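Chain residues, written in single-letter form:
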Amino acid sequence: MVFEFLKAFFIFGLSKKQTIKMAEKYVSIKNIKFLLNEVFDVASLNRFEYYQDYDKEGINMSLDAAKQIGDTYLFPIYTDMDKNKAYYEDGAVKVHKGLKTAIKTLAEAGWISAHDTYENGGQQMPFVVMNAGLFVFYAANANAAAYAFLSQGASNLIQAFGTAELKSTYVPPMYAGDWQGTMALTEPQAGSSLTDITSSAEETEEGYYKIKGQKIYISGGDHEATENVVHLYLARIKGAAVGTKGISLFVVPKLRNENGRLVSNDVSTAGIFGKMGQKGYVAAHIMAGENDDCRGYLVGEPHRGLSYMFQMMNEARIATGMIANAQATAAYYAALQYATERPQGRHLSKKDPNLPQVLIIEHADVKRMLLFQKAITEGSLSLLLQCSYYADIASVSTGEEKENAHLLLELLTPIAKSYPSEMGIHSVSAGLQCLGGAGYCDDFPLEQYYRDIRVNAIYEGTTGIHGMDLLGRKVMMHSGKAVKLFMAEIQKEIVAAQSSEFLKPFADKLAERLKAIHELTMQLIQVAMNNKPEVFLADATLYLEYFGTITIAWQWLKQGIVADKALQAELPEDDYNFYQSKLHTLRYFFEYEVPKTKALHERLASSDNLTIEMKAEYFM
Amino acid sequence: MKLLVCVSKTPETTAKISFSDNNSTFNEAGVQFIMNPYDEWYALVRALELKEAAGGTVTIINVGPAANDTVIRKGLAIGADDAIRVDSEPKSALFVAKQIAEVAKAENYDAIFLGKETIDYNGSEVGAMLAELLDVPYISFGSHLEMNGNVATIARDIEGGVEVAEVETPFVVSSSKGMAEQRIPNMRGIMMAKRKPLKVVPAVECEDFATVVSYSMPAAKSEVKMLDPENMDELVRLLHEEAKVL
Ligand SMILES: Cc1cc2nc3c(=O)[nH]c(=O)nc-3n(C[C@H](O)[C@H](O)[C@H](O)COP(=O)(O)OP(=O)(O)OC[C@H]3O[C@@H](n4cnc5c(N)ncnc54)[C@H](O)[C@@H]3O)c2cc1C
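Thresholds applied
- Residues numbered from 1 in each chain as written.
- Chains lettered and ligands numbered in written order.
- Predicted model: local features only at pLDDT ≥ 70, side-chain atom pairs only at ≥ 80, totals over all residues.
- Pairing = 2+ DSSP bridges.
- Helix = DSSP H or I, 4+ residues; strand = E, 2+ residues; numbered from the N terminus.
- Axes fitted to C-alpha atoms, helices over the stretch in contact; angles between N-to-C directions.
- Left-handed = near helix turned anticlockwise from the far one by under 90°.
- Contact = placed C-beta atoms within 7 Å.
- Nonpolar A, V, L, I, M, F, W, Y, C, P; charged D, E, K, R; others polar.
- Expected span 1.5 Å × (residues − 1).
- Buried ≥ 20, exposed ≤ 12 C-beta atoms within 10 Å, placed from the backbone.
- Arc of directions from axis to C-beta.

Draft legend 1. Main features of the pairing of strand 9 (residues 138–148) of chain B. Residues and elements named next belong to chain B. Here strand 9 pairs with strand 12 (residues 171–175) via 3 bridges, running parallel. If you follow Ile139 over to strand 12, its bridge partner there is Val173. Note that strand 9 and strand 10 (residues 151–158) share 6 bridges and pair antiparallel. Paired with Asn148 across the strands is Val151, a residue of strand 10. The antiparallel pairing of strand 9 with strand 10 creates a hairpin that spans 2 residues between the two strands, and Gly149 there sits at a positive phi of about 60 degrees.

Draft legend 2. Up close: the packing of helix 18 (residues 540–566) of chain A against helix 20 (residues 596–605) of chain A. Residue and element names in this part refer to chain A. Remark: helix 18 packs on helix 20, axes separated minimally by 10 Å, with the N-to-C direction vectors making an angle of 145 degrees. In this structure, the crossing between helix 18 and helix 20 has a hand that is left-handed. Contact with helix 18, carried on its side by Leu542, Tyr543, Glu545, Tyr546, Thr549 and Ile550, involves Lys596, Thr597, Leu600, His601, Arg603 and Leu604 of helix 20 and no other residues of that element. In terms of residue class, the contact of helix 18 with helix 20 is built from 6 nonpolar, 3 polar and 3 charged.

Draft legend 3. Expanded view of the interface of chain B and chain A. With 21 residues of chain B at the contact, the number on the chain A side is 29 residues. When residues of the side of chain B that touches chain A are traced back to their parent elements, those giving at least two are helix 2 (69–78), helix 5 (187–193) and helix 6 (232–241) of chain B. Here the side of chain B that touches chain A is built from residues that sort into 12 nonpolar, 3 polar and 6 charged.

Draft legend 4. Here's a closer look at helix 15 (residues 477–498) of chain A. All names here are of chain A. With 22 residues, helix 15 ought to run about 32 Å at 1.5 Å a step, and its terminal C-alpha atoms sit 31 Å apart, in line with that. When we look at burial in helix 15, the residues that qualify are Ala482, Val483, Phe486, Ile490, Glu493, Ile494 and Ala497. Projection of helix 15 onto a plane perpendicular to its axis shows the buried side chains occupying an angular sector of 115 degrees, all on one side. Of the exposed residues in helix 15, the ones pointing more than 90 degrees away from its buried face are Ser479, Ala488, Lys492 and Val495. Each element contacted by the buried residues of helix 15 is listed here: helix 11 (399–434), helix 14 (463–474), helix 16 (504–529) and helix 18.

Laid out in structure tokens, this is it:
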């Protein structure tokens, strides 16, 4: 009897579910502070009047507060929002009960309005600090936090281009977390190609426009956690030119204000999409003007809608990169925790079955997978903050400094969006692999991260579209000025790193790859000049991957310079390990990721136009 | 109401703890500090709630070096009006109580709040000493507090139940869970914290009656032994010979 009990206890005690705790850590505030304070010295932005109140203490406190919000309101409902997903019933969209509090908390803590002016109720927070905070929220639970920051994007558009009346009517309730903002671009026939939008707008004598049309996949498009939904809606004014030049931007609320009362604005929800992941984050199918009573209020000038939208796209694209990277980061910490708790197998040199099993983190292959995740996520975060920093300089500086920052931001945005999104998928997959069977099962969050992260490479422009944007537009804009600036920025780090014995080989490697991609770019531009746009852009996605890897290598070198210097001093154990972890991960990136660019180079330099020549009929 | 809240710093809960000087000094290098949660979540927030309901001021006080200003700023970000730091290492509970008493005597606070203990040294001494030095009543481990005029009704959790006490201002109360809900500073608070007054005052003399001789860490957990679930004989042998529980 006793034996049976003990046996049962032991078997029970050995079951994975009981012995290994659920993920507890989802982000490293230490790493974010390292990047903000030591790598980017963001407190120095207070040389600009707009940011004069931000010092290191305030920045650190903002991050700590963000973490507390993540710990209290976001992370605890991450898996539950997946298990109790959003659903559509009787014309209404039901969402997780914790969502309302989460949105409200982010609003009241001042994060939705963070960058706006003090007069508008904002905190004049630098983009780089705000995005670091958003990264924490997204790592805790992107599916909840994204609702709040959609409202931020919608508010920004109205603040930038709307009338005083639009601003006072729509922005305060969005900043307060009471109304939901959305970006309503996509239609069934117009996804990547927004040229083909057919939603229509008819001017009325009352000053508003009558809107008609449907939008699909609208994130946050309808739900019960806020009182109203404000769509920033692209439509064509009747009679406008075909193509992108005929598209205008409208505010189309779900409920409109009539004599102080909110009444229906003839915007209905046909349903929400059943998705692979992000099951708590609604993507709705919206119908506008089915009863010919949907009012839209023009934002800015007629026919300039798409250009307005694109001015805000940089932010949205960086946010998408942030979300992807945050999810991959949370997945990394979950995998790391598992790897430090799961015993399995023995060292190859000590296979005696009488010896206890080792923790899987002892196995080289598991370390490789963890290093891969760390290299991708911490490298990507550095790039995302770098871009946010450029956004700050572009926003508050003047003259050449402003213009250069703007060009660098434009150039790097497709990478900041796509690299974390694409590589994040591989990173989460490696994290899932670290857990073996447990990674595939829903007792652990890895399978959810894997499903959730996937969409980032699709929305806000697919990777293919960003590849073409990078090679076809950004690389060539202003006669290649952005690329020249980019190379000069990297060169600065290469020079700085060459004086360190440890970093010199990596700096040399980066210099060599930089030269190679530069030569390749020249070769590709030649193809474009020969009037072969199809050939020129056929492998733009691969070019993006190549460019992305070089960019992240630069960010690793940048972090390495700081870590290498810090290690010259005597350090407490935690700090010593932290900086060592940076140098080891830098080594990993240069040893395992950078060499992959050679294969990409070979393919991109080849004159074999296989994908052009391959006929649709041959796919069978 | 004029309220004073005593706050101290404690190592962040995941910090690695080590000692030097023959185990008599706690090594602060590399340790991340936070505001003692009992001070922050319960004492400070309840004081702020009282101020919000009835008006008045909330001042926070800390005895410590300039490095503690970060913790003090957090208190200001959460909503305190101003702060005082007594510029000295907090050498002992009596030393701290003496410093706070010195400040409080000159200011006539209606009530002084502190956490029931710090989560590092777990002394739970300062409150009682402070009340004694000020010659005012002391209620420890308050888990609920209501003010009615100048009378506070304070509930304290006791073994198996609740004790309710009434006390007139001025008084000292130490706060435990239940007193209030944690508040996370918002961005406006964080930005305003920098502009709020933080007065630094020198410490007064205080005799030491006790000296810490040494600290020690709990014994490390012994390694887990993984056994084949079929090998019951080995399990029994280990439970008998090593764990000595059979
Ligand atoms: C969960 C979710 C949320 C979304 N949220 C929003 C939202 O809030 N607001 C909104 O407006 N939209 C939203 N979208 C829509 C999203 O932006 C589009 O799905 C995306 O732009 C791609 O469009 P599509 O789905 O029509 O794909 P398509 O454009 O049909 O693309 C299909 C494939 O063809 C490729 N392709 C297309 N055109 C070209 C080309 N010219 N050259 C080379 N390759 C090409 C693409 O790269 C892709 O691989 C969301 C989508 C999803 C899945």
